[in-house]
Amino acid sequence: MRGGTWGCSIALELARNGYNNVTVLDGEEVPSSTAAGNDLNKIMEEGTQSQDDTDAAYAWNRLHDLCTMAWLNDPIYKPHYHRTGYVMAASSDAAYEALLKDIRGREDEYHEVASAEQFQKTMPEGVLTGDFAGWRGFAKSSGAGWVFARGAIIAAKQEAERLGARFISGQQGLVTKFVFSSETEPGHNALRGVQSADGTIYRAYTTILANGANADNLLDLKYQLRPTAWTLAHIKMTPTKAELYKDLPVLFNIEKGFFMEPSAETHELKICDEHPGYINPVYGETSPEGEKVIVGSKPFARHQIPVESEERVRAFLKETMPHLAARPFSFARICWDADTVDRMPLIDWHGSDDIAGGRLLLAIGGSGHCFKTMPAMGQVVVEYLEGKVDDKTRRAFRWRPEMSTDRNWWDVQNRWGAQGEVMDITKVKGWTEIATN
Ligand SMILES: Cc1cc2nc3c(=O)[nH]c(=O)nc-3n(C[C@H](O)[C@H](O)[C@H](O)COP(=O)(O)OP(=O)(O)OC[C@H]3O[C@@H](n4cnc5c(N)ncnc54)[C@H](O)[C@@H]3O)c2cc1C
């Protein structure tokens, strides 16, 4: 198992449910510098379960319901949820229509925000000084906000550890391959565990793969995951200035970007420019027509962002907080998550014959929106282990290679921003001047 966002949640729920031989392997100390969840903050919107939906809507709403309960009540997660409200916006007509669709049936939770003055009034005076030209949207003061992502991961890890889970990092924790029984028991080919970079073999009755965007390094996932990178930058504020920005609602323009209040510890304000993502294409054989055929996307770590991403961050700031638009970045990084075709998680027993007889449970496919569901992931994984998962959830999160046959690696998957296209990270104009860590 891996110690990122979902890995720590899974370890915690296993330990809470009496599993007393849980080992979490990660290439880095938790929280890993490459974990998508190792971040100052993530958007959280509360949700409730529904009964009559499609499998996907039901399963997604159930995750939302479970995680909402945890963010509101679980002593491990609750301190990290800041229920400060949410302002969502769009600039084009098409994106505004998408917002309307998104809130359909929940219109009474929001009020409309349509002028610069109305946007400015969603935060204390002096925070939003921009002209919000062309912006329209909706705001609510409760039922949403942000979570201190890194804090939640550390809290879950510490509690899991206190309850007996073992965490191993570094070369000892960096998994390089699965180990099959054929290596010691000729004639059998069941999964027996994993091997790490220093050669240690960990034998396990059940192995859970929760290594985010890197999952297909270890396993042929039949193109079900597309590692996709997004971009984030920090601006350092003085403690006095940060005081003004305390308890802000999240501001998210689905075409331009988003921010939440600065970190209480470091006074850094995180800004993400919004776009459909970058991929780092991996090419297979050339097609008979002479076209290079994409067969994957390979994540890599970089504590910089493309210069065009910096331009988008600064353009977003000019429209919202122009007084900050020229500030230097104190930190930036690209951040990889794994997109499934339908953006639903992939949680299932691995179905291949090779691994039949072993017990490999996959818990991957965050698809850019599964930090908020962190507390629920562990609970759902326990249901899988105990055969208690409901049919709708099982169908929605199933191993589904049929969806990724002839996968369109450039699919924007209902995302907005930038030029409205998934971008090739090998073709960026350059990288920001942020010191690499
Ligand atoms: C820029 C950005 C902004 C986002 N904003 C939001 C948001 O506002 N709200 C929201 O809900 N979601 C958001 N998300 C999505 C969310 O962060 C992810 O869906 C979620 O964190 C995925 O969790 P994970 O456990 O699958 O992966 P990760 O958190 O990436 O964890 C994977 C772990 O696996 C480890 N690992 C990898 N390979 C190996 C190996 N071979 N051996 C051992 N360990 C290994 C890594 O070190 C890491 O710790 C955002 C994502 C990005 C990139």
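For the structure, see preceding data.
In this text the structure is predicted, and so the values were computed from the model without any measurement.

Parameters and conventions
Residues numbered from 1 in each chain as written. Predicted model: local features only at pLDDT ≥ 70, side-chain atom pairs only at ≥ 80, totals over all residues. Near = placed C-beta within 6 Å. Helix = DSSP H or I, 4+ residues; strand = E, 2+ residues; numbered from the N terminus. Nonpolar A, V, L, I, M, F, W, Y, C, P; charged D, E, K, R; others polar. Axes fitted to C-alpha atoms, helices over the stretch in contact; angles between N-to-C directions. Left-handed = near helix turned anticlockwise from the far one by under 90°. Contact = placed C-beta atoms within 7 Å. Pairing = 2+ DSSP bridges. Core = buried A, V, L, I, M, F, W, Y, C linked by C-beta atoms within 7 Å. Buried ≥ 20, exposed ≤ 12 C-beta atoms within 10 Å, placed from the backbone. Expected span 1.5 Å × (residues − 1). Parallel < 35°, antiparallel > 145°, perpendicular 65-115°, else oblique.

## What about the site of the ligand?
Neighbouring residues of the ligand: 36 residues in total, closest Gly-4, Thr-5, Ser-32, Gly-212 and Gly-366. Elements represented by at least two residues in the shell around the ligand include exactly helix H1 (5-16), strand S2 (42-45), strand S13 (226-236) and strand S20 (331-339). A per-class count over the shell around the ligand returns 15 nonpolar, 15 polar and six charged.

## Let's talk about the packing of H1 against helix H5 (residues 149-162)
Between H1 and H5, the shortest axis-to-axis distance is 8 Å and the interhelical angle comes to 30 degrees. Note that H1 runs across H5; the crossing there is left-handed. Residues Thr-5, Cys-8, Ser-9, Ala-11, Leu-12 and Ala-15 of H1 touch H5, and the partners they reach there are Ile-153, Ala-156, Lys-157, Glu-159 and Ala-160. By residue class, the composition of the contact of H1 with H5 is seven nonpolar, two polar and two charged.

## Details of the sheet that holds strand S11 (residues 201-203)
Two pairing modes exist for strands in a sheet, parallel and antiparallel, and in both the strands are linked by backbone hydrogen bonds. The three strands are arranged S9-S10-S11 in an open sheet whose pairing can be described as antiparallel. At either margin of the open sheet sits one strand with a lone partner, and together these are strand S9 (175-180) and S11. Neighbouring strand axes in the sheet, compared pairwise and without regard to direction, differ in orientation by 30 degrees on average. Where S9 and strand S10 (residues 191-196) come together, five bridges link them in antiparallel fashion. Among the inter-strand pairings, Phe-178 is bridged to a residue of S10, identified as Val-194.

## A short note on the nonpolar core
Across soluble globular proteins, nonpolar side chains have a tendency to be buried as a group. Among the nonpolar cores identified, the biggest contains 113 residues, and Ile-10, Ala-11, Val-147, Ala-152, Val-250, Ala-363 and Ile-364 are the most heavily contacted of them. Once you skip the residues sitting within four places of it in the chain, Val-147 turns out to touch Asn-41, Lys-42, Met-44, Trp-71, His-80, Tyr-81, Ala-152, Phe-371 and Lys-372.

## Some thoughts on the sheet that holds strand S22 (residues 360-364)
Across the sheet, three strands lie side by side as S12-S22-S21; this open sheet has mixed pairing. Whereas interior strands pair on both sides, the edge strands pair on one side only; in this sheet they are strand S12 (207-209) and strand S21 (346-349). Direction aside, the axes of adjacent strands within the sheet are offset by 15 degrees on average. Where S12 meets S22, three bridges bridge the pair, whose relative direction is parallel. Across the sheet, Thr-207 pairs through a bridge with Leu-360, a residue of S22. Here helix H8 (residues 374-385) sits on the sheet in contact with S12, S21 and S22, set at roughly 155 degrees to S22.

## Observations regarding H5
Counted at 1.5 Å a residue, the expected span for H5 with its 14 residues is 20 Å, and the 20 Å between its end C-alpha atoms agrees. Within the span of H5, buried status applies to Ala-149, Arg-150, Ala-152, Ile-153, Ala-155, Ala-156, Lys-157 and Ala-160. As for H5, its buried residues are in contact with H1, S2, strand S7 (144-147), strand S8 (166-168) and H8. In the stretch just after H5, Gly-164 is the one whose phi turns positive, near 115 degrees.

## Regarding the packing of H1 against H8
How two helices pack is summed up by the angle between their axes together with the distance between the axes. Here H1 crosses H8 at 55 degrees, and the two axes come no closer than 7 Å. If you check the angle between H1 and H8, you find them oblique. Classified by chirality, the crossing of H8 by H1 is right-handed. Of the residues in H8, those in contact with Thr-5, Trp-6, Ser-9, Ile-10, Leu-12, Glu-13 and Leu-14 of H1 are Met-374, Pro-375, Met-377, Gly-378, Gln-379, Val-381 and Val-382. Residues belonging to the contact of H1 with H8 are distributed by class as follows: nine nonpolar, four polar and one charged.

## Some points on H1
The first and last C-alpha atoms of H1 sit 17 Å apart over twelve residues, in line with the 16 Å expected at 1.5 Å per residue. Of all twelve residues that make up H1, eleven are buried, and the element is covered over most of its length. All of the buried residues in H1 are Thr-5, Trp-6, Gly-7, Cys-8, Ser-9, Ile-10, Ala-11, Leu-12, Glu-13, Leu-14 and Ala-15. Looking at the buried residues of H1, the elements they touch are strand S1 (23-25), H5, S12, S22 and H8. Phi turns positive, to about 90 degrees, at Gly-18, one or two residues after H1.

## Re the environment of Thr-405
Along the chain, the position of Thr-405 falls in the loop between helix H9 (391-396) and strand S23 (423-424). Taking C-alpha positions, Thr-405 is 32 Å from Leu-66, a pair spaced 339 residues apart along the chain.

## Looking at the environment of Phe-132
Looking at the secondary structure, you find Phe-132 in the loop between helix H4 (116-120) and strand S6 (136-140). In the structure, Phe-132 is positioned 187 residues away from Glu-319 in sequence and 5.3 Å away in space, judged by C-alpha atoms. Not counting the four nearest positions on each side in its chain, Phe-132 is found in contact with Ala-116, Phe-119 and Glu-319.

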